[in-house]
Amino acid sequence: MIKAITGTKDILPEEIYRWRELEKIVIDTFRNYNYREIRTPIFEETKLFARGIGESTDIVSKEMYTFLDRSGTSITLKPEMTASVVRALIEHSLYKKQSLNKFFYISPMFRQERPQAGRLRQFHQFGAEAIGSNSPYLDAEMIIIAYSILKKLGLRNLTVKINSLGIPQSRENYKKILRDYLNKHFNNLSNESKKRFESNILRIFDSKEEQDQKIMANAPLLIEYLDDESLEHFENVKKALLKAQVPFEIDAKLVRGLDYYTHTTFEITSASVGAQSALCGGGRYNGLSKELEGPDLPGVGFAAGIERILLACENEKTLNIEEEKIDLFIVTLEKDLNDFAFNLAYRLRELNVSVELDYLDRSLKAQMREANKLNSRFTLIVGGEEFKNNLLVLKDMSNGQQINVPADDINKLISYIKVK
Ligand code: HAM
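Residues numbered from 1 in each chain as written. Predicted model: local features only at pLDDT ≥ 70, side-chain atom pairs only at ≥ 80, totals over all residues. Heavy atoms only, no water.

Chemist: What's the story with the environment of Ala146 in this structure? I'm lost.
Modeler: With respect to the helices and strands, Ala146 occurs in helix 6 (residues 136-152). Expressed as a C-alpha distance, the spacing of Ala146 and Leu279, which sit 133 residues apart in the sequence, is 9.4 Å. Ignoring anything within four residues of it in the chain, the contact list for Ala146 reads Phe266, Ile268, Cys280 and Phe302. (Helix = DSSP H or I, 4+ residues; strand = E, 2+ residues; numbered from the N terminus. Contact = heavy atoms within 4.5 Å.)

Chemist: Would you mind going over the site of the ligand with me for this structure?
Modeler: In the region of the ligand, 27 residues are neighbours, and Glu80, Glu113, Leu120, Glu129 and Tyr261 sit closest. Arg111 has a polar side-chain atom sitting 2.9 Å from an oxygen atom of the ligand. Glu113 is positioned with one of its side-chain polar atoms (N or O) 2.7 Å from a nitrogen atom of the ligand. Protein chains shield 96% of the accessible area of the ligand, which is 660 Å² for the free molecule. Those elements that provide at least two residues to the shell around the ligand are strand 6 (122-131), strand 10 (278-284) and strand 11 (299-305). At 6 residues, the largest contribution of residues to the shell around the ligand is made by strand 10. The class makeup of the residues in the shell around the ligand is 12 nonpolar, 8 polar and 7 charged. (Near = heavy atom within 4 Å. Polar contact = N/O pair within 3.5 Å; in protein donor to acceptor, adjacent residues only side chain to side chain. Areas by Shrake-Rupley, 256 points an atom, 1.4 Å probe, with all protein chains shown as cover. Nonpolar A, V, L, I, M, F, W, Y, C, P; charged D, E, K, R; others polar.)

Chemist: Which parts of the structure should I look at to understand the sheet that holds strand 2 (residues 43-45)?
Modeler: Two pairing modes exist for strands in a sheet, parallel and antiparallel, and in both the strands are linked by backbone hydrogen bonds. Sheet architecture is open: 3 strands sit in the order 2-4-3, paired in antiparallel fashion. This sheet does not close on itself; its edge strands, each paired only once, are strand 2 and strand 3 (66-68). For this sheet, the mean angle separating the axes of adjacent strands, direction not counted, is 35°. Pairing of strand 3 with strand 4 (residues 74-77) involves 3 bridges; the strand directions are antiparallel. Bridging from a neighbouring strand, Leu68 pairs with Ser74 of strand 4. Here helix 2 (residues 46-53) sits on the sheet in contact with strand 2, strand 3 and strand 4, set at roughly 80° to strand 2. (Pairing = 2+ DSSP bridges. Axes fitted to C-alpha atoms, helices over the stretch in contact; angles between N-to-C directions.)

Chemist: What's the story with the domain arrangement of the protein chain in this structure? I'm lost.
Modeler: For interface size, the figure often reported is the accessible area lost on association. Here the protein chain is partitioned into domain 1 (13-167 + 227-315) and domain 2 (328-419). Between domain 1 and domain 2, the C-alpha centre-to-centre distance is 49 Å. (Domains from an automatic or database assignment.)

Chemist: Sorry if this is basic, but what is going on with the pattern of salt bridges here?
Modeler: Within this structure, the stated rule accounts for 24 salt bridges. One salt bridge connects Arg39 with Glu37, and the closest N-O pair in it is separated by 2.9 Å. One salt bridge in this structure joins Arg362 and Asp358, with 2.8 Å as the shortest N-O distance. Sharing partners across several salt bridges, the network here consists of Asp58, Lys62, Glu192, Arg196, Arg203 and Asp206. (Salt bridge = Lys/Arg side-chain N within 4 Å of Asp/Glu carboxyl O.)

Chemist: Could you clarify how one ought to interpret the pairing of strand 5 (residues 101-110) in this entry?
Modeler: Residues in a regular strand project their side chains so that they alternate between the two faces of the sheet. In terms of residue burial, strand 5 counts as a mostly covered element, since 9 of its 10 residues are buried. Pairing analysis gives 2 bridges linking strand 1 (residues 36-37) to strand 5, with the strands arranged parallel. Residue pairing for strand 5: Arg36 is matched across the bridge by Phe103. Of the pairings in the sheet, the one linking strand 5 to strand 6 comprises 10 bridges and is antiparallel in character. What sits directly across from Asn101, in strand 6, is Ile131. (Buried < 20%, exposed > 50% of the residue type's maximum accessible area, 1.4 Å probe, protein only.)

This is the structure in structure tokens:
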């Protein structure tokens, strides 16, 4: 049997209602904050992500779906949206039309990670990017939006963690201090962390190895070495969050796995989803546009994993959306009447009534069972003595009441069904 690729998932019709409800909340919230939707291609030139996210990150060095197309160009399925959105902004000179561009997106992403609960190879994110302003209010706005969406979904066990990585210069100075500290403990680091010592020293904070964690527990922290400008920016973000009553914790070890961050980083985790607890993450990336050969524009954004959020909703028993009902099931008693039934269904459907009918020449009983299974609000019986008298039998499934309606009066029929 051919199965779906490991780490990918079919989203079956019975799950779609929860996806749609989540997407509705996402779209409505972004509208309130004046974000406009952007859709970019599923694949891009590999160098966009290599340069944007950083060669030494796990995403670029281990997780991307990268292949040569038939013309020999290296292509990558997008592992995230930020680089693509900044590319689109530069390519279409959107910054010339508007000095601050606020985008949101809902899109599939691809990363070849080891699949487990809440970690997939094709997953979906919603997220936002605001490019063109260094205002700390925008950093706060991102966190407020993400938190607000998660609250609207009914989630309770949330923790908002924030940190600041400061401007690149203070980070470079701090890296020297961290290097001096880790030099003293180098032999006790795990092999992975020994490699990171050279390639991406801050990421040693993310190590899950006990031996590393022991060493990092006493490591000097970047936040203690931030310059005044970075500290002020961070203070303003915190103030705005306090005013908006978003509860947050400072996590001085929150470095995040993408290289483009400057100033604020944040994550919102849930205690309801197990090991993969980050429902969303983001931060400021003031150097990214320039890195991608665009103008020197500051930016900030976040992305949230939809599968993880839906898992949290399931575990917290929120977002219990019922499948939509159909309005009418047409029960056809004789094969000869299929023509009439099909045509009636067509006319009603075109008039915005949701209608199903029997395509399997089933018995009356089987058709009624099907109508029940579909949660149909009404059934309409075509056939029998009534039909000989040019009448159809309409049954209200909520109370079992039946009435006869003229077979040629579609408006009358609709007035009973009283739809939409
Ligand atoms: P990220 O932290 O790599 O950030 O991903 C954001 C969220 O996507 C995660 O918190 C998680 O919920 C979800 N996610 C990531 N990988 C997987 C996976 N393999 N399976 C399921 N869900 C996953 C970014 O992608 C940045 N672009 C966020 C950002 C936007 N920063 C600034 N602007």
